[in-house]
Amino acid sequence: MSTSPENPERSLLAWARDRYPIAKFAEWAKHKTVPIGPGAFWYYFGGISLFLFLIQVGTGILLMFYYKGSVDTAFESVRFISAKVPFGWLVRSAHAWSANLMIFSVFIHMFSVFFMRAYRKPRELTWLSGIVLLALLLGFGFSGYLLPWNELAFFATKVGTDIIGVIPVIGDPIMYVLRGGEEVSGSTLPRFFALHVALFPALLTTFIVGHLFFIQLQGIHEPDAWTAHPEQRKTMPFFPHFFMRELLLWLITLNVLGVLAVFFPAELGIEADPFSSAPAGIKPEWYFLSTFEFLKYMPAHVGPLEGEEFGLALISIGFLGWCLVPWIDRGRNPLITRIVMVAGAAILVFLTIMTYLGHTA
Amino acid sequence: MMKVFAPALICVCVALSADVGADALPADAGAQDLPADAGAENLPGGQCLECHLTTEDQVGELWQDDVHARAGIACDACHGGDATQDDSDLAKQPGSGYRGVLSASEIALSCGGCHSDVEYMKTRKPLLPIDQLDKYRTSEHGKLLAKGETRVAQCASCHGAHGVREVNDAKSPVYASNVPATCGGCHGDVEYMRDFDIKTNQYDEYVQSVHGKALLEKNDVRGAPACNDCHGNHGAAPPSIDAITNICGTCHSYNAELFLGSPLAPAFKEKSLADCVACHGKHLITHVSEEWEGDKPGATCRKCHEEGEEGSDLALYFTETFGSIRQSFGEIEQLLGEAEVKGMDVTEGEDYVEAARQGLMQARTLMHAFSKPMMEEKVIEIAENQAAALKVGYAALRSLEDRRRGLAISTLLLLFLTLLVAVKIRTLPPLD
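Scope of this entry: the structure provided in the associated data block. Just so it is clear, the structure is predicted and the values come from calculations on it, not from any experiment. (Residues numbered from 1 in each chain as written. Chains lettered and ligands numbered in written order. Predicted model: local features only at pLDDT ≥ 70, side-chain atom pairs only at ≥ 80, totals over all residues. Heavy atoms only, no water.)

It is worth spelling out the overall build of chain B at this point. Within chain B one finds 23 helices and zero strands. Taking all 432 residues of chain B together, 38% fall into the buried category. Residue pairs in contact within chain B that sit at least 24 positions apart in sequence constitute 65% of those at least 6 positions apart. When the accessible surface of chain B is split by element, carbon and sulfur atoms take 56% of a total near 24300 Å². (Helix = DSSP H or I, 4+ residues; strand = E, 2+ residues; numbered from the N terminus. Buried < 20%, exposed > 50% of the residue type's maximum accessible area, 1.4 Å probe, protein only. Contact = heavy atoms within 4.5 Å. Areas by Shrake-Rupley, 256 points an atom, 1.4 Å probe, with all protein chains shown as cover.)

All names here are of chain A. Evaluation of the coordinates by the stated rule reveals 24 salt bridges over all chains. Close ionic contact of E222 with R233 constitutes a salt bridge, the shortest N to O distance being 2.4 Å. Residue E222 is found in the loop between α9 (188–218) and α10 (225–228), and its partner R233 is found in the loop between α10 and β2 (235–237); the two are separated by 11 residues along the sequence. Between K296 and E293 there is a salt bridge whose closest N-O contact spans 3.2 Å. Taken together, the positions of K296 and E293, both in helix α12 (residues 286–296) and three residues apart, correspond to about one turn of that helix. When its relative accessible area of 4% is taken as the criterion, E293 is described as buried. Through salt bridges with shared partners, one network takes in R117, R120, D224 and D329. (Salt bridge = Lys/Arg side-chain N within 4 Å of Asp/Glu carboxyl O.)

Below, the discussion takes up the packing of aromatic side chains. How two aromatic rings sit relative to each other is set out by the distance from centre to centre and by the angle between their planes. Residue and element names in this part refer to chain A. As enumerated under the stated definition, the model contains 35 aromatic pairs over all chains in all. Where F142 meets F288, the ring centres are 5.8 Å apart and the plane angle is 80°; that geometry is what we call edge-to-face. You can see F142 sitting in helix α6 (residues 124–146) and its partner F288 sitting in helix α12, a full 146 residues away along the chain. F142 sits in the buried class, given a relative accessible area of 17%. For F288, a relative accessible area of 22% corresponds to the partly exposed category. Ring centres 5.5 Å apart and planes at 40° place the aromatic pair F239 and F243 in the tilted group. With F239 and F243 both in helix α11 (residues 238–263) and four residues apart, the pair spans about one turn of that helix. (Phe/Tyr/Trp six-rings, centres within 6.5 Å; stacked < 30°, edge-to-face > 60°.)

Moving on, we come to α9 of chain A. Residues and elements named next belong to chain A. A rise of 1.5 Å per residue sets the reference length of α9, with its 31 residues, at 45 Å; its end C-alpha atoms lie 42 Å apart and thus fit the reference within 8%. When the local axis directions of α9 are compared, the greatest deviation, roughly 40°, occurs at L195. For α9, the full list of buried residues reads T188, L189, F192, F193, L195, H196, F200, L204, I208 and H211. Following α9 by one or two positions, G219 has its phi on the positive side, about 75°. (Expected span 1.5 Å × (residues − 1). Bend = angle between axes of the 7 residues up to and from the residue.)

All right, on to a nonpolar patch on the surface then. Residues and elements named next belong to chain A. A cluster of nonpolar side chains, contributed by V57, I61, L62, F65, Y66 and F80, occupies part of the molecular surface with about 560 Å² of accessible area. For the nonpolar patch, the element with the highest residue contribution is helix α3 (residues 44–64), accounting for three residues. By secondary structure assignment, the location of I61 is in helix α3. (Patch = residues over 30% accessible without salt bridge, like charges linked within 9 Å, V, L, I, M, F, W, Y side chains within 5 Å.)

With that settled, consider the interface of chain B and chain A. As a measure of interface size, the accessible area lost when the parts come together is often cited. Across the boundary between the two partners, chain B contributes 20 residues, which contact 25 residues of chain A. Surface buried jointly by chain B and chain A totals about 2100 Å² across both partners, of which 70% is contributed by carbon and sulfur atoms. The three residues of chain B that bury the most area against chain A are R403, L407 and L431 of chain B, which together make up 28% of that side's buried surface. One salt bridge connects E348 of chain B with K84 of chain A, and the closest N-O pair in it is separated by 2.9 Å. Put simply, the parts of the chain that give the side of chain B that touches chain A at least two residues each are α22 (347–366) and α23 (372–427) of chain B. Of the residues in the side of chain B that touches chain A, the class split is nine nonpolar, four polar and seven charged. (Buried area = accessible area lost by both parts, 1.4 Å probe. Nonpolar A, V, L, I, M, F, W, Y, C, P; charged D, E, K, R; others polar.)

This part takes up the side chain of N100 of chain A. Residues and elements named next belong to chain A. Mapped onto the secondary structure, N100 falls in helix α5 (residues 88–115). Reaching out from N100, the side chain makes a polar contact with the backbone oxygen of A96 at a distance of 2.9 Å. Setting aside anything within four residues of it in sequence, one finds N100 in contact with E285, W286 and Y287. (Polar contact = N/O pair within 3.5 Å; in protein donor to acceptor, adjacent residues only side chain to side chain.)

What follows covers the nonpolar core. In this structure, Y67, F114, W127 and L204 of chain A are the most contacted members of the largest nonpolar core, which totals 68 residues. With 11 residues, α5 of chain A is the single largest residue contributor to this core. Counting residues in hydrophobic clusters, the runner-up holds 27 residues, among them Y317, I332, L397 and L400 of chain B. (Core = buried A, V, L, I, M, F, W, Y, C linked by side-chain atoms within 4.5 Å.)

Keep in mind these numbers describe shape, not what the thing actually does.
Encoded structure:
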């Protein structure tokens with residue numbers, strides 16, 4: 001290969017090759033494959049989630065150029081971003097919509113992994129790191145929702161942190177630390193801002209790296225049937241076949257994001273007033289609606305527990321079971337597998353119904 | 001300030017007819033000897049209270065919440081008698097100073113005995129005024145009582161006799177929002193007022209007025225005036241024509257200032273017209289409506305000005321100006337509403353609308369100067385704010401078009417890239 005000054009690109013590549021194992025990486029990438037099966041389409045949602053996360057990072061950084069995270073300035077700064085900053089409305093709307101789409105995409109990714117039983121050995125830690133990522137994303141959403149300091153966000157945060165306070169023993173201290181006091185107030189906003197732009201990004205990046213590392217190390221899960229029938233095994237190269245298809249979906253996602261941002265721009269509402277009474281119909285974001293709605297159906301008391309405590313206990317047990325799925329269903333007993341799959345389907349139906357009921361309530 | 005002090009003054013309403021001086025008080029009616037530390041649980045009253053708790057006159061029951069009872073003032077301070085006797089005949093026997101049920105004049109005498117006593121009130125309620133008695137003497141009530149008319153209001157008529165409460169106690173009949181009903185209790189009673197030759201519809205009119213609605217419906221006890229805020233409380237009397245502007249001007253100070261500096265003030269004086277009342281009425285003061293303005297028959301200005309006169313022309317100018325401003329508000333709201341529904345941020349426009357509305361409110365006040373140049377200046381300010389709001393609205397709609405155009409271009413670009421990628425995928429080596 002030429003390293004002549006007449007061909008700077010080639011010379012740069014050669015320069016890098018002299019110093020880094022680029023050839024090894026290229027060789028690895030060349031042989032990296034993705035299984036092609038009936039559920040292959042769902043593999044793309046991991047990549048879409050990653051793409052939306054990158055948009056989040058980009059738009060988030062741009063928003064931070066103008067956002068002022070204190071009670072006196074937060075609302076006005078967001079209003080300024082929406083009304084005055086060139087393309088500020090687009091950046092804010094893209095940030096808000098990509099957050100929602102990302103959580104939706106992650107949910108699809110998680111359930112597709114579940115129903116393809118990709119959580120089984122040796123991918124237990126991939127599954128767990130994925131759940132941590134989802135939890136972090138929900139934390140991202142919860143903390144980011146308050147930042148515009150508008151009325152809806154203020155009271156939704158109050159309701160959300162109230163729910164945390166219901167957790168026995170540790171609930172109250174957590175709620176106190178999150179709020180920066182007894183109530184959601186001016187002290188809460190800087191805390192949520194710090195979580196949103198410092199702690200959660202650091203944790204999320206760490207876990208994304210870990211998640212991707214596990215995937216690269218172990219490869220993408222292949223359909224169970226291939227174990228018995230290796231002749232059915234069919235793959236495609238990651239580069240360029242899978243990558244180009246992923247790129248195609250990223251472009252479509254970007255276009256959908258643009259349409260949503262233009263036709264349904266993020267609203268701001270009215271500024272939060274901690275001393276006013278809560279407006280009717282306060283609801284959390286859609287991804288918390290199922291929990292919110294479920295707790296509403298709890299009776300006042302269940303045995304020695306308050307209704308909400310009991311509801312949270314049920315949710316916690318369900319969440320723990322969800323985390324332990326790789327160890328519950330190890331693929332050794334078809335009956336257990338069937339029970340786990342039915343339970344997963346029931347959870348999906350339950351979340352859908354509760355979200356719908358919460359939305360229409 | 002008036003709202004705070006007026007009911008406070010009523011608290012110890014003292015009626016004293018001209019022939020009954022404070023110095024005629026019985027020696028034992030003075031309060032200096034009363035215990036100052038009687039607790040609420042140990043109400044003063046002795047044997048009087050023991051009996052009256054069992055009688056049907058509710059005196060004992062009312063006494064439980066009485067401010068005087070809680071201050072340790074016993075029955076004998078007003079009624080005399082010997083509260084240590086458990087036999088009512090012995091308690092009321094001659095020589096005990098028993099005065100029984102007090103007459104209207106005696107009530108004033110009894111209350112005034114303490115409440116006009118500077119030294120005594122210093123030790124009890126130092127912040128409470130002590131001029132109730134003097135004011136009462138100047139009131140219509142006091143004057144009539146001095147003439148022997150006992151049906152007029154005296155202390156107990158408004159404050160109650162044995163259940164007297166603090167003025168800021170919402171259960172007190174002289175609490176701000178209760179004052180209209182207290183006054184209306186007599187003044188709205190056609191039968192009771194028959195011999196006094198005054199109207200009895202004040203209460204009915206008041207409750208429909210802006211003041212009545214603010215006080216009784218919105219419970220604006222600090223801002224909205226009750227009867228006593230205009231008429232006085234202990235010195236209650238119909239305001240004179242000359243005093244009207246000052247009375248209304250207590251709250252509506254700028255309106256009063258503008259009116260007194262306007263060409264209408266001397267004209268009103270010449271014609272003996274009551275300044276504010278001539279246009280706004282007395283008890284039935286309502287919001288100004290479009291019917292008020294203009295030079296049509298029935299409009300307020302036409303009460304004095306004929307069509308074609310300078311005053312009528314000014315009224316017409318006001319009407320057209322305000323009408324135009326109102327119409328513009330309608331257009332602006334429609335425009336901003338349309339932009340907002342389409343997801344555009346128009347809060348800046350709403351700020352301009354709010355500024356214009358403030359301007360309109362100020363313009364309404366400025367009307368009281370009856371000066372076209374002053375009004376024109378304000379109208380320009382309103383028009384500028386309205387124009388700015390319109391500009392925001394139109395800019396928002398234009399921006400929306402730009403956004404959609406931008407989306408269309410970016411969609412085409414993304415579609416092109418998507419097609420390129422799709423073509424590239426098709427040109428990739430086939431899968432195994």
